[in-house]
Amino acid sequence: MDDEARWDTARRLLHDDTLKPEDRLAGLLLLLYAQWPAAISRLTVDHIEETDGAVRIRLGAVPVELPAPVADLALQQIEVRRSHAVLGRTDSPWLFPGGQPGRPISAWAMGERLRKLGLRLAEARSTALFQLATELPAAVLVRTVGIDITVAVKWQRAAAGDWGAYAAEVSRRR
């Protein structure tokens, strides 16, 4: 998947109200944050936090602030999450409840939902990781996206990211 196709798909997921909001959110977590369906399926409502008007998601050790449209989808998912087996609202802790009460959606079922959106899982994740590795040092990827350091270093080498530019940008922040 080239980067332009990735962003076109992300824009579609951000704005296409004919798609299920939970599928849109899951797809964006794959496209923007390089999360595998198994990781997405294991997210709980506690992985999302809202403080001082900012919505953050904890995919690794350090929460990542979600941009407004993604944040809106995340908050909406917390409010209306439904299990396939339960009609109405559930008290499940899972962000994406599964067909069995009290259980998350399976990684397989999550993958199928993402494939139905037209996403090629491995290609989409690789493109996202490549882009993230060009913009962030390996240590930041580990803490924010939740990948292993050896994986982050390999992606960093493949992407040959400009860490001087990253350091300069961080130093300009207030």
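Residues numbered from 1 in each chain as written. Predicted model: local features only at pLDDT ≥ 70, side-chain atom pairs only at ≥ 80, totals over all residues. Heavy atoms only, no water.

**Q** Describe the pattern of salt bridges, naming the residues involved and giving the relevant values.
**A** Taken as a whole and assessed by the stated rule, the structure comprises seven salt bridges. Linking Asp 3 and Arg 6 is a salt bridge whose minimum nitrogen-to-oxygen distance equals 2.8 Å. Taken together, the residues span about one helical turn, with Asp 3 and Arg 6 both in helix 1 (residues 3–15) at a distance of three residues. By relative accessible area, which is 29% here, Asp 3 ends up partly exposed. Counted as one network, the salt bridges with shared partners bring together Glu 22, Asp 23 and Arg 113. (Salt bridge = Lys/Arg side-chain N within 4 Å of Asp/Glu carboxyl O. Helix = DSSP H or I, 4+ residues; strand = E, 2+ residues; numbered from the N terminus. Buried < 20%, exposed > 50% of the residue type's maximum accessible area, 1.4 Å probe, protein only.)

**Q** A description of helix 1 should follow, citing residues and the corresponding values.
**A** With 13 residues, helix 1 ought to run about 18 Å at 1.5 Å a step, and its terminal C-alpha atoms sit 18 Å apart, in line with that. The N-cap residue of helix 1 is Asp 2: its side-chain oxygen and the backbone nitrogen of Glu 4 are 3.2 Å apart. (Expected span 1.5 Å × (residues − 1). Polar contact = N/O pair within 3.5 Å; in protein donor to acceptor, adjacent residues only side chain to side chain.)

**Q** A description of the nonpolar core should follow, citing residues and the corresponding values.
**A** In terms of nonpolar packing, the biggest core is built from 34 residues, with Leu 25, Ile 40, Ile 57, Leu 66, Leu 95, Phe 96 and Leu 114 touching the most fellow members. Those elements giving two or more residues to this core turn out to be helix 1, helix 2 (21–33), strand 2 (54–57), helix 4 (68–80), helix 5 (107–116) and helix 6 (121–135). A per-element tally of this core places helix 2 first, with eight residues. Those residues in contact with Leu 95, other than ones at most four positions away along the chain, are Leu 25, Leu 43, Thr 44, Val 45, Ile 48, Gln 77, Ile 78 and Arg 81. Counting 13 residues, the second-largest nonpolar core is a separate cluster that includes Ala 128, Ala 133, Ala 138 and Ala 152. (Core = buried A, V, L, I, M, F, W, Y, C linked by side-chain atoms within 4.5 Å. Contact = heavy atoms within 4.5 Å.)

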